[in-house]
Structures are given as C-alpha cells and as structure tokens.
Amino acid sequence: MPGRRPARAGYHGCGERDGVDCRLLGTDGTGTFIVEPSEVLYAETVDGRTFLYSRDRVLESPLRLYELEEALAGTEFVRASKSLIVNFDHVRALRPYLNARLELVLSNGESVIASRQYAPAIKQKIGL
C-alpha cells in the first residue's frame, strides 16, 4: 500500500489499526518470545536498550521506545518519561512526587515515576 511503512521485526500491527491484533517480540537470553501487550506493565529504555517488563519476566525488545509507542498507539500505553511508556491498564494508583512528577503504582506493587513533562497528559487520561 502506498504510504504504509513495512513492518519492522519486533511487532505485528497494534491498536485499532486494520483490526489486527498486536504481538510484541522479546528475548531473554534463552529464546525469543511472543508477548501480548496486555501482559506488559511497562517498557523502559536503559543504556540504549529497550526492555518489556511483565509480572514475572523482563524481555529485551528489538524496537526503540518510540517505535514501541507508535506500534502501541490506540492501546492503553502512555508515555510517562523520555525513557518510559506505561500500560495504563496496570496502573493502580497515582501519587504526587517531588518536582511536580507523579508516582505510578502498578498492579504488581512496583512504582515508576512519570516526569513533570508527561504528568499533565496522565492526569488528563484519568480525568483530573
């Protein structure tokens, strides 16, 4: 199709586009796994490498964070900082944090910090 970018290794269609289900790929040293976005609590870039965090494992994604964000457009994933996107389906609480940032408490009890740049969009998402 004209204007459509070819799929990159690491994901297969996401969000509401084309009515296609989304599947992410990740590796952990023992193999490559197909991961449903609903299983991912958040994705984070550390030292130039992107990781997918679920309840019980951490997988490295071949995609950059902005590519994951684009692939997951139309889902419950939101940008929380330059190095973090969060699956809002797994956010259980929001707490104010230092310097106008937000602490997001996830379904597994882990907390991540949303930067002040992205905090207003997160508050708007929940109607604050």
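Residues numbered from 1 in each chain as written. Predicted model: local features only at pLDDT ≥ 70, side-chain atom pairs only at ≥ 80, totals over all residues. Heavy atoms only, no water.

(A) Layout of the confidence of the model for the protein chain. On average, the protein chain scores 86 in pLDDT, and the residues at 70 or more come to 84%. Low pLDDT, under 50, characterises residues 1–9; the predicted model gives this stretch seven contacts beyond four residues in sequence or across chains. Across residues 16–20, confidence stays below pLDDT 50; counting only partners more than four residues off in sequence or on other chains, it has eight contacts. (pLDDT = per-residue confidence, 0-100. Contact = heavy atoms within 4.5 Å.)

(B) Quick peek at empty space enclosed by the protein. What the rule picks out here adds up to one cavity of 30 Å³ or more. Computed from the structure, the largest cavity encloses a volume of approximately 40 Å³. Lining the largest cavity, in full, are V35, E39, V40, L52, Y53, S54, R57 and L59. The biggest single contributor to the lining of the largest cavity is strand β5 (residues 49–54), with three residues. Classifying every residue of the lining of the largest cavity gives five nonpolar, one polar and two charged. (1 Å grid on protein atoms, 1.4 Å probe; cavity = no way out; pocket = protein on both sides within 12 Å on 5 of 7 lines; lining within 4 Å. Points joined across faces, edges and corners; volume = space filled by probe spheres on them. Helix = DSSP H or I, 4+ residues; strand = E, 2+ residues; numbered from the N terminus. Nonpolar A, V, L, I, M, F, W, Y, C, P; charged D, E, K, R; others polar.)

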